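Observations on the model geometry
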Amino acid sequence: MRAKSAVRPSNKKIYLYLLPGLAIYTFVVLIPLFMALRYSFYKWSGGPNLQFIGLDNFVTLMQDKVFWISFSNNLYIIVMSIIGQIGIAFLISVLLTRSWVKWRQFHRTVIFIPNVLAAVIIGFLWSMVYNQDYGLLNYLLKTVGLESWISPWLDDPNIVMASVTVPIVWQFIGFYLIIFMSAMQNISEELYEAAKIDGASGWKQTWYITLPMLKGTIKVAIMLCIAGNMKIFDHIYVMTGGGPGYSSTVMSQYAYDVSFDRFELGYGSAVSIGMLILSLILILISQLIGRREN
Amino acid sequence: MSVFSSLGKAFVNGLLLIFSLSAIFPIVWMIYSSFKTQQEFTLNILALPEKWNFSNYVEAFKVGNLHQYFFNSVYNSVISVVLIILLGFVIAYMIARFDFPGKRTIYILFLFGMLIPIHGLLVPVFIEFRNLGLLNQPITLIMPYVAFGLPIVIFLFESYIKQIPREIDEAAIMDGCNTFQIIFRVVFPVATPVISTAIILSFLTAWNEFPFALVLIQNAELRTLPVGLTNFNGQYTVNYPQMMAAMSVTVLPVLVIYLAFYKKIIQGMTAGAVKG
C-alpha cells in the first residue's frame, strides 16, 4: 500500500539513484572478493604468467604453519580484548552509574579519546612507550625500583604478543564503555527501586539486574570485538611488522607479507580468502552461542 | 546501602582517576615532548621541556614534507566524506521509503561490508587497481574510502529517515518537487543531526586510514599523514621529539574535532554499534 503511494518514483528511477554508490561499492568490495577467489586458484607472482593450480594454494594454506600462527595470534588478541575491553568497560560503566563516583563526565570523555586516534599513532606511541632506552615503561620501572622487570618488550618472542595486545585493548576500552553506558541508561529505574525494597545491595543489583539486562548489548560487543580484531593490521605493522620472526604476525600482516614482500599474489589471495572465511566462521559461532542462550 | 565505606569510595575514585589519566597520558607526553630538544629528551624522558621550542615542527615540515602529507590527508578525507554523505543519503532514502525488487539483497550486501575484515580485500583491490592503472592517482584512495564508509552511514541514515514523517515528502510533491529535490531540499535538511554525526565519523575514519594508503600509493607526493609518518620513522629513527612533532600534527585535528563534537561522535559510535 505504501509502495503504491503517489510519491513513489519508478523502479528505473530508484535504480538510477542507487547506481553511483552501488557501483563504487561493487568496484571496491564485491569485484575484488571474486577476484581474490579466482586468483587463489593460480600460482601467480604478479607478472603475465598465470598458472592454474586448482586447490593447491588451499592445500598449502592448510599446512602453512605461519598462517595458523597468525590466526592463533588473532585469536589471542580477540580473547584478550573480550576480557580486557568488555570486562573493564563493564566494570567502569557500572561504577560511573554510582552517584558517589566523582568527575564522571571527565572519565567518560577522557577514556574515549584513544578511540578516535589513528591506529598508526597508537602503534608509534606505544613503540615509544616500549622502547628499550628511551621508553616510558622502562623509565617508570626504573623509577619505582623494579629494574629487574625491564624487558625488550617488542623484541622478545615470548612476550611480544602481550606487548602488542595491550595498546589494542587500551585503545578501545572507551568504545565499549560508551556502548554499555548508553545501554544502562535504558534500564528502567523501577527495577532498581524494587531491588532496593527487597534489600539487594549495589553489587547484587549489578549482578541480578544490570548484567542480565545488558546481555544483548554484550553479545553485540563480542561480535564487534571479533570483527574488529580480525582486521587488526596498523598497530602490529607499525610496532613489530609481525616480528620477531613470525611471533606477532596477524592474518592481515601475513597476507600483506606474502603479497607485497614475496610477491606471491596467487597465494596471497588464498590467504585473504582464508582470513575472510575464518572471520565469518568466528562471527557465526559467536552469534549461534548467543542464540542458544536465549 | 552501598557495600563501600567512605574510605573504599575514595580508593575507587583514586583508581578511576589513575585509569583515566593513563588513557591520555601517553598523548600528553607525546605533545609536550615534541617541544623538547633531542638532548633534553634523552636526559629526562618524563620532564617537561625547559624551553618550549618549535624547531621540531619547523624541521618536520621542512625536511619531512609534512605539509604535503597534511594536504593529501585533507584532500582525501574531505572529498570522501562529501561523496559518502551524498551517495549514502540517496541510498538510505530509497531503502527507507520504497519497496523495490532487490532491496533486501542490496541491504544485505552493505551489511556484509560492515562484517568482513576489509584488509582481507587489500590484495585483490591492489591487483584490480594495478590492472586498471588506478594506482598512484589523486582519486585512488577516494574509491576505497567511499566504499568502506558507505555501509555504516547508510544504516545510520536509513533508521533516521524512517522516523521522518512521509507527509513532508508528500507535501513537497504537491509543491511540485521532483525526487531529487525532495531528497536534498526537504529530507536532507531535516536529517541534519544524524548527517553531522555521519560527517564526523567518516572524516575520522578516512583521516586515520592506513593499509590502503600504504598499498595503493607509492608516489611520495600522494602519501597521506599516517603513511607519511612511517617513513619519518625510518628517516629519524633516533629523533623521538621530531617524530612526536609529526605525530602531534596528525593528531591535532582529530583532538580538536573530538573535543568540539564529542557528544555527536559518541552518539554515532553507539548508534553504529547497536545497529551493527
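Scroll up to find the structure this text is about.
Report follows, based on the coordinates. No experiment lies behind these values; they were computed from the predicted model shown.

Conventions and cut-offs
- Residues numbered from 1 in each chain as written.
- Chains lettered and ligands numbered in written order.
- Predicted model: local features only at pLDDT ≥ 70, side-chain atom pairs only at ≥ 80, totals over all residues.
- Heavy atoms only, no water.
- Phe/Tyr/Trp six-rings, centres within 6.5 Å; stacked < 30°, edge-to-face > 60°.
- Helix = DSSP H or I, 4+ residues; strand = E, 2+ residues; numbered from the N terminus.
- Buried < 20%, exposed > 50% of the residue type's maximum accessible area, 1.4 Å probe, protein only.
- Contact = heavy atoms within 4.5 Å.
- Buried area = accessible area lost by both parts, 1.4 Å probe.
- Salt bridge = Lys/Arg side-chain N within 4 Å of Asp/Glu carboxyl O.
- Polar contact = N/O pair within 3.5 Å; in protein donor to acceptor, adjacent residues only side chain to side chain.

**Concerning the packing of aromatic side chains**
- Under the definition given, this model contains 39 aromatic pairs over all chains.
- For the ring pair Y25 of chain A and F110 of chain B, a centre distance of 4.4 Å and an interplane angle of 40° mean the geometry is tilted. One end of the pair, Y25 of chain A, is in helix α1 (residues 11-39); the other, F110 of chain B, is in helix α5 (residues 103-115), on a second chain.
- With a centroid separation of 5.2 Å and an interplanar angle of 70°, the aromatic rings of F89 of chain B and F157 of chain B are classed as edge-to-face. Remark: F157 of chain B occurs in helix α7 (residues 142-163) and F89 of chain B occurs in helix α4 (residues 66-97); sequence separation between them is 68 residues.
- Its relative accessible area of 0% is what places F157 of chain B among the buried residues.
- Through a chain of ring-to-ring contacts, three or more aromatic side chains come together here, namely F233, Y237, Y256 and F260 of chain A together with F126 and F210 of chain B.

**Some words on the interface of chain A and chain B**
- The interface of chain A with chain B comprises 96 residues on the first partner and 101 residues on the second.
- Counting each side, the surface lost to burial between chain A and chain B is near 9,200 Å², with a carbon and sulfur contribution of 80%.
- Area buried by chain A at its contact with chain B is led by Y17, Y25 and W100 of chain A, which between them contribute 8% of it.
- The tally of links between chain A and chain B comes to zero salt bridges.
- Our count for the contact surface shared by chain A and chain B stands at 16 residue pairs in polar contact (both at pLDDT 80 or more).
- Counting residues per element, the side of chain A that touches chain B draws most heavily on α1 of chain A, at 21 residues.

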